[in-house]
Amino acid sequence: MKIVVLHGQMHKGSTYNTTKLFLDKLSDNNSEIAEFFMPKHTPGFCIGCFNCFTKGEDTCPHTETVQPVVKKMEEADLIILESPCYVFGMSGQLKTFLDHMGYRWMSHRPHEKMFSKIGLVISTAAGAGAKKVTKDLKNNLFYWGVPKTYCYAKTVGASSWEAVKTDKKKQIESEVTKLAEKISREVCNVKPGIKTKAMFKIMKMSQKSNDWNATDKEYWIKKGWINGKNPW
Ligand SMILES: Cc1cc2nc3c(=O)[nH]c(=O)nc-3n(C[C@H](O)[C@H](O)[C@H](O)COP(=O)(O)O)c2cc1C
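- The chain is annotated in an unreviewed UniProt entry as NAD(P)H-dependent oxidoreductase from Clostridium yunnanense.

1. Focus: the overall build of the chain
Part 1: Regarding its fold elements, the chain presents eight helices and five strands.
Part 2: Its C-alpha atoms give the chain a radius of gyration of 18 Å, near enough to 17 Å, the size a compact globule of 232 residues would have.
Part 3: Taking the principal axes of its C-alpha atoms as reference, the chain extends roughly 60 × 35 × 30 Å.
Part 4: Looking at the 232 residues of the chain, the share that counts as buried comes to 51%.
Part 5: Counting 36 positive and 23 negative side-chain charges, the chain places the averaged centre of each group 6 Å from the other.

2. Some thoughts on the pattern of salt bridges
Two side chains of opposite charge can pair, provided their charged atoms sit close to one another.
Part 1: Summed over the entire model, instances satisfying the criterion amount to 11 salt bridges.
Part 2: Two residues, Arg104 and Glu74, come together in a salt bridge whose shortest N-O distance is 3.6 Å. Of this pair, Arg104 sits in the loop between helix 4 (92–99) and strand 4 (118–125) while Glu74 is found in helix 3 (residues 63–75), placing the two residues 30 residues apart along the sequence. Exposure class is identical for Arg104 and Glu74. Each is buried.
Part 3: Between Arg109 and Asp216 there is a salt bridge; the shortest N-O distance is 2.9 Å. In this pair, Arg109 is assigned in the loop between helix 4 and strand 4 and Asp216 in helix 8 (residues 214–223), connecting sequence segments 107 residues apart.
Part 4: Among the charged side chains, a network of salt bridges with common partners joins Glu57, Glu74, Arg104, Arg109 and Asp216.

3. Focus: the pairing of strand 5 (residues 148–155)
Part 1: When strand 4 meets strand 5, the two strands line up parallel, connected through eight bridges. The residue bridging Ser123 from the neighbouring strand is Ala153, located in strand 5.
Part 2: With helix 5 (residues 130–144) bridging strand 4 and the parallel strand 5, this β-α-β connection has right-handed handedness.

4. Digging into the UniProt feature "domain: NADPH-dependent FMN reductase-like" (unreviewed entry) in the chain
Part 1: In this structure's numbering, the residues bearing the UniProt feature "domain: NADPH-dependent FMN reductase-like" (unreviewed entry) are residues 1–146.
Part 2: From the first C-alpha to the last, residues 1–146 spans 16 Å; its make-up is 36% helix and 18% strand.

5. Points about unusual backbone geometry
Part 1: Cis rather than trans, the peptide bond between Met38 and Pro39 has omega equal to 10 degrees.
Part 2: Mapped onto the fold, Pro39 is located in the loop between strand 2 (32–37) and helix 2 (51–54).
Part 3: Within the chain, Phe50 stands out as a residue other than glycine whose phi angle is a positive 70 degrees.
Part 4: On the secondary structure map, Phe50 appears in the loop between strand 2 and helix 2.

6. A look at helix 6 (residues 166–186)
Part 1: End to end, helix 6 covers 30 Å across 21 residues, agreeing with the expected 30 Å (1.5 Å per residue, within 8%).
Part 2: The set of residues buried in helix 6 consists of Ile172, Val176, Leu179, Ala180 and Ile183. Looking down the long axis of helix 6, one finds its buried residues gathered within 110 degrees of arc, a one-sided arrangement. Pointing more than 90 degrees away from the buried face of helix 6 are the exposed residues Thr166, Asp167, Lys170, Lys178 and Arg185.
Part 3: Tucked into the core, helix 6 has its buried residues touching helix 1 (14–26), strand 3 (78–84), strand 4 and strand 5.

7. Here we look at the pairing of strand 1 (residues 2–7)
Part 1: Of all six residues that make up strand 1, five are buried, and the element is covered over most of its length.
Part 2: Alignment of strand 1 against strand 2, held across six bridges, turns out to be parallel. Among the inter-strand pairings, Val4 is bridged to a residue of strand 2, identified as Ala34.
Part 3: As a crossover connection, the stretch from strand 1 through helix 1 into strand 2 is right-handed.
Part 4: In terms of strand pairing, strand 1 meets strand 3 through five bridges, oriented parallel. Paired with Val5 across the strands is Ile80, a residue of strand 3.

The rules behind these values
Residues numbered from 1 in each chain as written. Predicted model: local features only at pLDDT ≥ 70, side-chain atom pairs only at ≥ 80, totals over all residues. Heavy atoms only, no water. Helix = DSSP H or I, 4+ residues; strand = E, 2+ residues; numbered from the N terminus. Rg over C-alpha atoms; globule rule 2.2 N^0.38 Å. Buried < 20%, exposed > 50% of the residue type's maximum accessible area, 1.4 Å probe, protein only. Lys, Arg positive; Asp, Glu negative; His and termini not counted. Charge placed at Lys NZ, Arg CZ, Asp CG, Glu CD. Salt bridge = Lys/Arg side-chain N within 4 Å of Asp/Glu carboxyl O. Pairing = 2+ DSSP bridges. Right-handed = clockwise from strand over helix to strand, strands pointing away. UniProt positions renumbered as here; feature names shortened; annotations may be inferred. Expected span 1.5 Å × (residues − 1). Arc of directions from axis to C-beta. Contact = heavy atoms within 4.5 Å.

See the structure below:
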């Protein structure tokens, strides 16, 4: 299994350690894992130039930082996005990376490989907000075309992994084990469900009448999607 992980932080706290538990359960000798840590691998802030949408992703001023991560995500069977909960949202550095993926949303130029991948989104919070983070991360994956995403949101009651109580760590390990088994069974065997198909159809209709972005429209024509071909 090929796995790509976008860590929403550099430090190895509760979120990293929870993700690490998943990686230990999911991987074997044949697994390939590519990990990116934000902000080390975060591009500069999106400057709103619209180049990615209208002229192509290679004309983004941050393309050299963005595209290596994008390539790894395209190759992966499982995409993991994770972030600690910061004021009821994901970390700013991960959000900055995700902003650069706008051109890959179904409303623009989704990559056909996304429609057969599994997503896993992970967040921890001291008290409340981890669910909100996983919901936002899942939403991004949905609009990239990823048909199935599992969420793991955990209230850890601590500001560091060391301070997380032993019972809580045991509970996390048991939940992670169960979810990882489920993901292992399903990976490489996912197909878009009704929600993804419906959204794709709406986007197809929008592209048919698209007279505002030639780059997007040409992409859809070249893929044959406007004429009824599907990316899955
Ligand atoms: C800037 C900042 C904002 C935070 N906001 C929240 C919050 O909204 N809700 C919450 O329960 N915990 C919040 N926390 C606590 C962390 O989400 C929590 O400790 C989390 O488990 C940290 O994960 P980490 O160890 O991977 O950094 C915040 C922490 C920081 C540093």
